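# A closer look at the structure
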Amino acid sequence: MLIELKRMEELESEQLIVEGYKTYIVPSYRKIRLVVDRGEGAYLWDIKGKRYLDFTGGIAVNLLGHAHPAVREALARQSEKMIHCSNLFYHPQALQLARKIVSHVGPGKVFFSNSGAEANECLFKVARRYGQKTGRFEILSFENSFHGRTLAGISATGQPKVKKDFGPLCPGFRTIPKGEPKDFIDSLSDKTIALIVEPIQGESGIHVFSPGYLKEIRRICRDKDILFFIDEIQSGLWRTGRFLAWQSLVEEDSQGQTFLPDGVSLAKGLGGGFPIGASWVAERYSEVLDQGSHGSTFGGSPLACHVALSVLEEIEKKEWGKHILEVGNYLVRSLKEFENKPQSLLKEIRGIGGILGLELTLPSYEAVEVLMEKGLLVAPANTNTIRLLPPLNVSFEQAEEARVILEKFLIS
Ligand SMILES: Cc1ncc(COP(=O)(O)O)c(C=O)c1O
């Protein structure tokens, strides 16, 4: 008994956990010194009992906040029936979720996986397969993009620091600069088969593509039979008010057909914290991956699909998309006043609704630690941008609490 108690105490010591990580965990993450204990809604507690307002949202994952009843109940309900079965068999949960995604994106089919990198990998494979008959294989992405940490993911990612010392990378990926549509045409080669775009670049600091540019490059891709993929892993799932960020950015005709991409990748928030990735593929290309050409052991399990469907239904029912857009607009309006003011640390605020970036005059990790001390958790992006990625159901009172902390910090 005594020994057990001692172990409990040891496990709960912040110092021991931090030291233990050094011994047992591969040190691939730059970490922030906070040992988490539990969460509820937009709040998170550390093991010392201190409460924080969590505007990292698990980096755009916890759409309904921590321990939401809809997520907990879906997990419990489905785990009593079945957690996993192989993709040899059919189950209604995958069908229900695929239908829901198709209803929000457009005519097409869905492949399920477990993460964002895998959701993109599926799109890359669609492109490579489709390109076989014309001998085209090259996949383009933009500078400052982020598309995952697998070898194909880092090959597609437009940030040198992510690729550093991992060569040789996957052949057939090329990063191009953002510019004018005519520069885009010039950057194509006779081997180009696909382009992948984050409509709001997340990891590199919340950079929003202009709707006009997006529409033009989409049109050019269609004219040249180049697949146009949208990576909505961080920006999607109502963070900008609509199901996908491109739907918020680009005015659509009633059918949504003019802009409709050829593939969309989703992950992060889809399971509200439970791992799941999904790749939507437009009707025209939806059978390029035919029998035996792609797969995933865990992809689209009954548990993951049921939880994801419950998350999406809860957001629809409560209209959290509309809500987060209002909350985000309020924060942007308030914080804009501090942009480029003499004593202010804020250079620029960017983004929409629940995906905001504050570019600062100091390093992002330094800002994260100061704000943490003040009880607000935010996510670092590039060297000097912090991200606000609150749950979609964050209340106006909680947003106000965050605003007060941020304002004091910006003029400190
Ligand atoms: C836009 C984007 N694509 C892909 C990924 C990779 O997702 P995952 O970490 O689930 O593999 C991320 C993760 O941050 C992302 O933000």
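Placed above this text is the structure.
Thresholds applied
Residues numbered from 1 in each chain as written. Predicted model: local features only at pLDDT ≥ 70, side-chain atom pairs only at ≥ 80, totals over all residues. Heavy atoms only, no water. Buried < 20%, exposed > 50% of the residue type's maximum accessible area, 1.4 Å probe, protein only. Helix = DSSP H or I, 4+ residues; strand = E, 2+ residues; numbered from the N terminus. Pairing = 2+ DSSP bridges. 1 Å grid on protein atoms, 1.4 Å probe; cavity = no way out; pocket = protein on both sides within 12 Å on 5 of 7 lines; lining within 4 Å. Points joined across faces, edges and corners; volume = space filled by probe spheres on them. Nonpolar A, V, L, I, M, F, W, Y, C, P; charged D, E, K, R; others polar. Salt bridge = Lys/Arg side-chain N within 4 Å of Asp/Glu carboxyl O.

### Things to note about the pairing of strand S7 (residues 192–197)
For S7, a buried count of 6 out of 6 residues is recorded, marking the element as mostly surrounded by other parts of the structure. Inspection of the sheet shows strand S5 (residues 138–142) paired to S7 by 4 bridges, in the parallel sense. Each residue of the ladder has a partner; that of Leu140, found in S7, is Leu195. Bridge count between S7 and strand S10 (residues 227–231): 4 bridges; the pairing is parallel. Looking at the pairing, Ala194 lines up with Leu227 of S10.

### Here's the deal with the layout of surface pockets
Space inside the second largest pocket adds up to approximately 1100 Å³. The wall of the second largest pocket is formed by 31 residues, among which Asn87, Lys109, Val110, Phe111 and Phe112 lie closest to the centre. Of all the secondary structure elements, the ones that give two or more residues to the lining of the second largest pocket are helix H5 (92–105), strand S4 (108–113) and helix H6 (116–131). Broken down by class, the residue content of the lining of the second largest pocket amounts to 15 nonpolar, 12 polar and 4 charged.

### Notes on the pattern of salt bridges
Evaluated as defined, the whole model comprises 26 salt bridges. Close ionic contact of Glu19 with Lys22 constitutes a salt bridge, the shortest N to O distance being 3.2 Å. You can see Glu19 and its partner Lys22 sitting in helix H2 (residues 14–24), 3 residues apart, about one turn around the helix. Owing to a relative accessible area of 32%, Glu19 belongs among the partly exposed residues under this scheme. Given the relative accessible area of 61%, Lys22 is considered exposed. Here Glu314 ties to Lys317 by a salt bridge, and the two come within 3.6 Å at their closest N and O atoms. Of this pair, Glu314 and Lys317 both sit in helix H12 (residues 302–318), 3 residues apart, which is roughly one turn of that helix. Salt bridges sharing partners connect three or more residues here, namely Lys347, Glu348, Arg350 and Glu359.

None of the figures reported here should be taken as evidence of function without further support.
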